[in-house]
Amino acid sequence: MAIPPGGNVIGVEHRIELAIGGMTCASCASRIEKKLNRLTGVTASVNYATETATVTAPAAVTVDDLIDTVKKTGYTATPQASGETAPAPEKRDDETRDLRTKVAVSALLAVPVIVLAMVPAWQFTYWQWLSLTLAAPVVVWGGAAFHRAAWVNLRHGAATMDTLISIGTLAALGWSLWALFFGMAGEPGVRHGFSLTLERGAGADAIYLEVAAGVTVFVLAGRYFEARAKRRAGAAIKALADLGAKEVTLLRDGREVIRPVAELRTGDRFVVRPGEKIATDGVVDQGASAVDQSLLTGESVPVEVGPGDRVTGGTVNADGRLVVTATKVGAETQLAQIARLVSQAQSGKAEVQRLADRISGVFVPIVLLLAVATFGYWWGTGGGLAAAFTAGIAVLIIACPCALGLATPTALLVGTGRGAQRGILIKGPEVLESTRTVDTIVLDKTGTVTTGRLAVVGTDGPPEILRYAAAVEAGSEHPIGRAIVAAAGGDLPPVTDFRAVPGRGVRGTVEGHEVLVGRAEFTGGAADANEAGHTVVTVAIDQRVRGALRLADDIRPSSRDAVAALRGLGLRPVLLTGDNLAAARKVGASVGIDEVIAEVLPADKVDTVKRLQDEGRVVAMVGDGVNDAAALAQADLGLAMGAGTDVAIEAADLTLVRDDLTAAADAIRLSRRTLRVIKGNLFWALAYNVGALPLAAAGLLNPMIAGAAMALSSVFVVSNSLRLRRFH
């Protein structure tokens, strides 16, 4: 919840989101987070990838207090609405464009410097002075952002990745200037070769302009590709934000008027023409159409809707004209809730991310000490001042923990964004770790494995009894009646003398025949045989029982495949229901579940989950109703079906917008794959730093090569995360 600046007091434990400016690496995020958390009662999480701070603060702390704290740390902060992404897409585009310009110009200037340094045969008389002319703008102008950030951090007594880059490049430029003006490097005809490793005894004729220019270009290029990748990674949440309609055709006094969506209020009636987006969540009053929900649920098949059906804002009306009554507007809509959940997940931190933050927070000071120690060792053992200096610079540059800071947030950004596109909402990063250990999945029967709607599963008697029964039931609003009508389909004969007898059945005249549909005692038949969980409806025609219809809760067509997919993930499925054991076992056998727990009261669902946990199992629970909410919260991993209640969705860790059980398997697969990518990123980032530091300290890495490797490691981590965009 964001409050405009101006000293307004935040209520008790409100959640505030700030857009943070000026961060250049994970160390920056770590410093801001540390400073904010020092405020009394404040809990803050700063995400480098999304450039946001998520803060929970007590009433005594204002938004201005938080902004001032960030500014005192050396960065900028502005309030933003919950669920909004930061920075704005236009701002991020501008930043990427500026970086691209700097990379292009700096590379154009640096390439001749690097080529001249690497090819001694091309080193003409006074080549070194041309190198200085070309390299100086690259280091000073191209690397200005690094030097500025390093100076700000120095003023606040801190060191970040920018400190390492700035010291390394300025030191290389400074040494070269000294060697050119006061040493022998500026004399006509001076040549020097290029080596991947360092040579002992290098003297005052050595210049390192190619190192200063090359490292600046490589790091700038790494930043540019990183910025591009971050923009692509955040595309999913931006797409969600853009999904909503901008205008709506309101019905006012029988006239159609076009207004901005912001003017919509609950209860307003509005028109949706073919091809238009539905402006907000509502209920269809008039018309019938197919609605394309693919952008919201990931499901490509349009859903047929008619009067009384609910529709969701942001989905597209495919063909017919609809009149809809708005039931939710603004922040209450499902689309807004999805964007909020995704944003919260992306701004949170998994435990592995907190470990990376702690490492990067102490890494820079250690590297500075190591660089000084390397310089001292080389100089003290007769390696020469220039060689000692170069080894120290290589250590500074190779050690930048850029990749380490990007390892987790970029994977989380891409994974949660891709999930949102596929109708899977991951509530927080800690959910990823839960999916790895889960070994048992409890499936609520009604509304999860089954549709939660009755359907005719069998007919006893002549074929016409279904047609006659449906004709009479067409006048009934009872769920059983609607199921019989749906089973009959097609055109039904007209009914006269219709009458409903509450709790017993309905009667009417069809094609000259008196038809009774309902309980056995109402129609004059034998007692109901509701075996195996079936509801039996008898049909009497002209005062004679002609047959019966058997109804049951319809099993979702995808449930069997979904259970098989869950087994394939190493999960043991358990069917949980309040229904009788015979009906539950029949459903279980139909979908491939052996372990069935039936006749469970809503309050007992929690106890069932606890009992399974007491047996040593790590339990995931899938449900959709209010009576599932407590069990979803108790489970180690809670998955709520998106068509379920808000209470269930709030209690769950994962929300499946697509009303299909296969989404549960998809959600667990996506979560596990995201976690694997995070761990892979962290391994390579740490392995790179740990493996390369000794090489640099031993003089086995030229600083320019170290700069290229450091930049490539960051690009590798972000590119690896972007593989999640291909998840299906």
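This text goes with the structure placed above it.
Thresholds, definitions, all that
- Residues numbered from 1 in each chain as written.
- Predicted model: local features only at pLDDT ≥ 70, side-chain atom pairs only at ≥ 80, totals over all residues.
- Heavy atoms only, no water.
- Helix = DSSP H or I, 4+ residues; strand = E, 2+ residues; numbered from the N terminus.
- Buried < 20%, exposed > 50% of the residue type's maximum accessible area, 1.4 Å probe, protein only.
- Contact = heavy atoms within 4.5 Å.
- Areas by Shrake-Rupley, 256 points an atom, 1.4 Å probe, with all protein chains shown as cover.
- Salt bridge = Lys/Arg side-chain N within 4 Å of Asp/Glu carboxyl O.
- Core = buried A, V, L, I, M, F, W, Y, C linked by side-chain atoms within 4.5 Å.

> Please provide a residue-by-residue account of the overall build of the protein chain, values included.
Assigned secondary structure in the protein chain consists of 25 helices and 26 strands. Residues counted as buried form 54% of the 728 residues belonging to the protein chain. Long-range pairs, those at least 24 residues apart, make up 69% of the contacts in the protein chain with a sequence separation of at least 6. When the accessible surface of the protein chain is totalled, it reaches about 30100 Å², and 58% of it is carbon and sulfur.

> Before we move on, could you go through the pattern of salt bridges and cite the residues and values that matter?
Under the criterion given, the structure shown has 17 salt bridges. A salt bridge links Arg269 to Asp285; the shortest N-O distance between them is 3.1 Å. Linking Arg269 in strand β7 (residues 269-272) with Asp285 in strand β8 (residues 281-286), this pair joins segments that are 16 residues apart in sequence. Overall, Arg269 belongs to the partly exposed group, its relative accessible area being 31%. The closest approach of N and O atoms between Arg507 and Glu514, which form a salt bridge, is 2.9 Å. Of the residues examined, Arg507 reaches a relative accessible area of 22% and is grouped as partly exposed. Put simply, Arg572, Glu595, Arg611, Glu615 and Arg617 are held in one network by salt bridges that share partners.

> Summarise the nonpolar core; cite the residues concerned and give the values.
Among the nonpolar cores identified, the biggest contains 47 residues, and Ile441, Leu443, Val622, Leu637, Leu639 and Leu654 are the most heavily contacted of them. A total of 10 residues in this core trace back to one element, the largest contributor, which is helix α24 (residues 662-697). Beyond its immediate chain neighbours, meaning those up to four positions away, Leu654 contacts Ile424, Leu425, Ile426, Val431, Leu637, Gly638, Leu639, Ala640, Ala667 and Ser671. If you look at the next biggest cluster of nonpolar residues, it comprises 40 residues, including Ile114, Ala135, Ala185 and Ile393.

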